[in-house]
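Overview (structure and organization)
What follows is the residue order along each chain.
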Amino acid sequence: MALAEVGARGRPLLWPRVVLFGDSITEYSFQENGWGASLAERLVRKCDVVNRGLSGYNTRWAKLILPRLISRSTGAESTVAVTIFFGANDSALKDLNPQQHVPLEEYAANLKSMVQYLKSVDITEDRIILITPPPLQESAWEKECAAKGNKLNRHNATTGEYAQACVQVAKDCGTDVLDLWTLMQKNQDFSSYLSDGLHLSAKGNSFLAAQLWSHLENKLSAFPSLLPYWRDVDHTNPEASLL
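Take helix α9 (residues 202-220) next. Ser214 marks the point of greatest bend in α9, at about 40°. All buried positions along α9 are accounted for by Gly204, Asn205, Phe207, Leu208, Ala209, Leu212, Trp213, His215, Leu216 and Leu220. Where α9 is buried, its residues meet β1 (17-22), α3 (35-42), β3 (79-85), β4 (128-131), β5 (176-178) and α8 (180-184).

If you want it as structure tokens, here you go:
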């Protein structure tokens, strides 16, 4: 049978997708032992996990890009979950890092506008998870800044204000939220969750993966595996099993 005939006989095979939208902590999530890779492994043959992390980006830039990533013509219908994970750069100190800094009120407004946009393309609030920035371990991050000839350009207390704003936006918009800033600091030595004071270590990736799955499990774990198990394919008539 010609492949064109196969395509005509069978229904299009479309994987549902989970979109991870965020900054470097999302971009790096597909590295070895990353939290995005862990999620993709859990959902193999059930959903595509799509990494749309953009290192260094803030919500001011992200809100301009989101409509280009997800629209009615580019996969909104098949999108079963979206994470929005920004704040680590927005919360940079204005005087020391004006390029990335976004004022707190604008940060909240940007998050809200992204949630409202997703709703406008029929991605309902129960499919949206906001993630707060993780806590900042200042002494470790100060060393990273000093190595580049810079002063410490973030404070954990300031990051906490952005995390609280993220939680409030989720409450206002009716979305789910993962308050990473608070959860990680329940461990007195939260620095073990961070590789350089800002980005996640292997332990931090594992922690986030587990926390995120607790939010997604009820939504996604019941999704069926796409296509039959190989032993269930009729080898004498595979068309009957696969089309």
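So, about the pattern of salt bridges. Where side chains of opposite charge bring their charged atoms close, a pairing between them can arise. All told, the structure shown has 4 salt bridges when counted by the stated rule. Put simply, Asp172 and Lys112 hold a salt bridge, and the shortest N to O gap is 3.8 Å. Taken together, the positions of Asp172 in helix α7 (residues 156-173) and Lys112 in helix α5 (residues 104-120) put the pair 60 residues apart, joining distant regions of the chain. Taking the relative accessible area as the measure of exposure, Asp172 reaches 48% and is therefore partly exposed.

The tally for this structure, following the rule as stated, stands at 0 disulfides. Here Cys166 is not cross-linked by a disulfide; its sulfur's nearest cysteine counterpart is in Cys173, at 10 Å.

Across all of its chains, the model carries 6 aromatic pairs by this definition. Ring geometry for Tyr107 versus Tyr162: centroids 5.1 Å apart, planes at 55°, classification tilted. Taken together, the residues span a long stretch of sequence, with Tyr107 in helix α5 and Tyr162 in helix α7 at a distance of 55 residues. On the basis of relative accessible area, Tyr107 is assigned to the buried category, the value being 0%. In this structure Tyr162 comes out as buried when scored by relative accessible area, which is 3%. Taking the ring centre of Tyr193 as reference, the NZ or CZ of Lys203 above it sits at 5.2 Å.

Parameters at a glance
- Residues numbered from 1 in each chain as written.
- Predicted model: local features only at pLDDT ≥ 70, side-chain atom pairs only at ≥ 80, totals over all residues.
- Heavy atoms only, no water.
- Bend = angle between axes of the 7 residues up to and from the residue.
- Helix = DSSP H or I, 4+ residues; strand = E, 2+ residues; numbered from the N terminus.
- Buried < 20%, exposed > 50% of the residue type's maximum accessible area, 1.4 Å probe, protein only.
- Contact = heavy atoms within 4.5 Å.
- Salt bridge = Lys/Arg side-chain N within 4 Å of Asp/Glu carboxyl O.
- Disulfide = S-S within 2.5 Å.
- Phe/Tyr/Trp six-rings, centres within 6.5 Å; stacked < 30°, edge-to-face > 60°.
- Lys NZ or Arg CZ within 6 Å of the ring centre and 35° of its normal.

Everything listed is a geometric property; what it means functionally is a separate question.
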